[in-house]
Amino acid sequence: MLKRGVSGIVAAAMLFTMLFTVGTTYLIAVNQINKLYVRAHVENSAQAQDILKEKLELMVDFVNDQMRVVVTNKGVISSAVVALTVRNKEGQILAYYNTSSTSIAPKLPIFLNPLASETINTDVVYSSATQYQVKLLTERGNIYSATYPPVNNELAARALSSGAIGDLYLDFDSYGYYRVSYQTLYYQGQAFTIPRSFISTYSSAFSVVVTNLNAAQKNIILDGYTRIFQFWGVGSSMRRATWYIVSNQSNTILNTYTPIELEYDKPKVLVFASRTPYTFQPVTLSGDEVPPSGTLAGVLILSHGWIGVDYSQIWSTPANYGQNSPYVTTLYSG
């Protein structure tokens with residue numbers, strides 16, 4: 001039999017042990033729950049940011065009376081197309097495609113890296129009495145849409161650019177700029193305003209989405225002399241800077257330029273990043289090449305090459321195409 005004083009100590013020790021064991025278990029559980037919550041919060045935040053970074057552009061047309069959808073990734077992250085729906089003006093579903101559909105090519109899902117385009121061929125047959133609405137769903141849950149025939153404001157934009165300027169329709173909102181490092185493109189944003197310090201610190205590049213709207217529906221092939229040209233005034237003199245067109249695979253610039261073919265009515269992302277034609281030489285502005293703070297530079301796209309010439313014949317055929325496209329402006333801020 002324990003003495004009264006000893007039994008009290010033993011009981012206190014047992015109670016402390018129970019409280020310590022239960023308390024420690026509780027604290028560990030709470031800590032693990034907090035870690036899971038923080039991890040989930042971080043993952044959800046990252047997913048939300050990715051949703052905002054995703055940006056696709058659709059163009060719908062018919063080839064041999066079969067609908068095709070041209071998808072261009074104008075965002076800064078890769079995207080996956082997982083479903084596509086075609087409706088008429090009344091909202092009736094004419095076709096629905098998902099990852100199990102076999103009547104669409106290429107088969108879903110379709111993965112698009114930044115700056116990449118893909119043509120989706122469907123089995124929807126053209127009817128002159130139908131207005132089509134196409135909606136595309138990505139893996140992140142974003143929905144993008146386009147109509148055929150195009151709505152009036154789209155037709156007006158095309159008419160202005162194709163008729164008044166030339167064969168190339170210029171997507172003004174697609175004007176973007178990049179930091180270039182070891183032949184890799186890092187998207188910085190739209191190029192309407194660029195910090196002056198950026199253009200003199202880093203190698204730079206520009207991109208724009210163009211569509212060939214030649215009235216005779218002839219293909220255009222761009223040679224290596226195609227470039228973006230910026231110009232601005234300093235006092236009584238004029239200054240300029242040039243970025244020649246480059247070939248690229250996703251966000252990687254290739255060492256040499258391969259002439260790019262622009263098919264009729266199919267959007268194409270063009271990247272300008274070289275100081276010299278046909279080879280990649282990074283452009284880092286210095287000295288008088290750097291626009292002063294507050295400079296508003298005019299931007300031209302000078303395109304050159306062949307039109308209506310088979311790709312296999314371009315090297316034996318003199319260039320027969322050239323166009324000067326007034327584009328936008330870039331403000332170089334302090």
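Residues numbered from 1 in each chain as written. Predicted model: local features only at pLDDT ≥ 70, side-chain atom pairs only at ≥ 80, totals over all residues. Heavy atoms only, no water.

Engineer: Outline the nonpolar core, supporting the account with residue identities and numerical values.
Structural biologist: Across soluble globular proteins, you tend to see nonpolar side chains buried next to one another. Of all hydrophobic cores here, the largest spans 34 residues; its most connected members are Phe206 and Trp243. The next biggest cluster of nonpolar side chains, apart from the first, holds 23 residues, and it includes Leu56, Leu108, Leu136 and Ala146. (Core = buried A, V, L, I, M, F, W, Y, C linked by side-chain atoms within 4.5 Å. Buried < 20%, exposed > 50% of the residue type's maximum accessible area, 1.4 Å probe, protein only.)

Engineer: Please set out the environment of Tyr177 residue by residue, giving values where relevant.
Structural biologist: Secondary-structure assignment places Tyr177 in strand S9 (residues 168-181). Tyr177 gets classed as buried once you look at its relative accessible area, which sits at 8%. Taking the C-alpha atoms as reference points, Tyr177 and Val271, separated by 94 residues in sequence, lie 9.3 Å from one another. Ignoring sequence-local partners within four residues, the contact set of Tyr177 consists of Tyr186, Tyr187, Gln188, Gly189, Gln190, Ala191, Thr193, Ile194, Pro195, Phe198, Ala205 and Phe206. (Helix = DSSP H or I, 4+ residues; strand = E, 2+ residues; numbered from the N terminus. Contact = heavy atoms within 4.5 Å.)

Engineer: So what's going on with the pattern of salt bridges? Which residues, and what values?
Structural biologist: Per the stated rule, a full pass over the model turns up six salt bridges. When the shortest N-O distance is used, the salt bridge between Asp61 and Arg68 registers 2.7 Å. Residue Arg239 pairs with Asp288 through a salt bridge whose shortest N-O separation is 3.9 Å. Taken as a pair, Arg239 in strand S15 (residues 237-246) and Asp288 in the loop between strand S19 (268-274) and strand S20 (295-307) lie far apart in primary sequence, 49 residues in all. The exposure class of Asp288 is exposed, given its relative accessible area of 56%. (Salt bridge = Lys/Arg side-chain N within 4 Å of Asp/Glu carboxyl O.)

Engineer: So what about the side chain of Asn212? Which residues, and what values?
Structural biologist: For Asn212, the location among the structural elements is in strand S12 (residues 203-212). Here Asn214 takes part through its backbone nitrogen, which lies 2.9 Å from a polar atom of the side chain of Asn212. Side-chain polar atoms of Asn212 contact the backbone oxygen of Lys218, separated by 2.7 Å. Apart from the residues lying within four places of it in its own chain, the contact partners of Asn212 are Asp167, Leu168, Lys218, Asn219, Ile220, Leu262, Glu263, Tyr264 and Asp265. (Polar contact = N/O pair within 3.5 Å; in protein donor to acceptor, adjacent residues only side chain to side chain.)

Engineer: Explain the sheet that holds strand S1 (residues 56-63) residue by residue, including any values.
Structural biologist: Read from one edge of the open sheet, three strands run S1-S2-S6, paired in antiparallel fashion. Each end of this open sheet is capped by a strand with a single partner; those strands are S1 and strand S6 (117-125). The mean inter-strand angle of the sheet, taken between neighbouring strand axes irrespective of direction, is 20°. As paired elements, strand S2 (residues 66-73) and S6 share six bridges and run antiparallel to each other. Following the sheet pairing, Val69 is matched in S6 by Ile120. (Pairing = 2+ DSSP bridges. Axes fitted to C-alpha atoms, helices over the stretch in contact; angles between N-to-C directions.)

So yeah, pure geometry; function would need other evidence.
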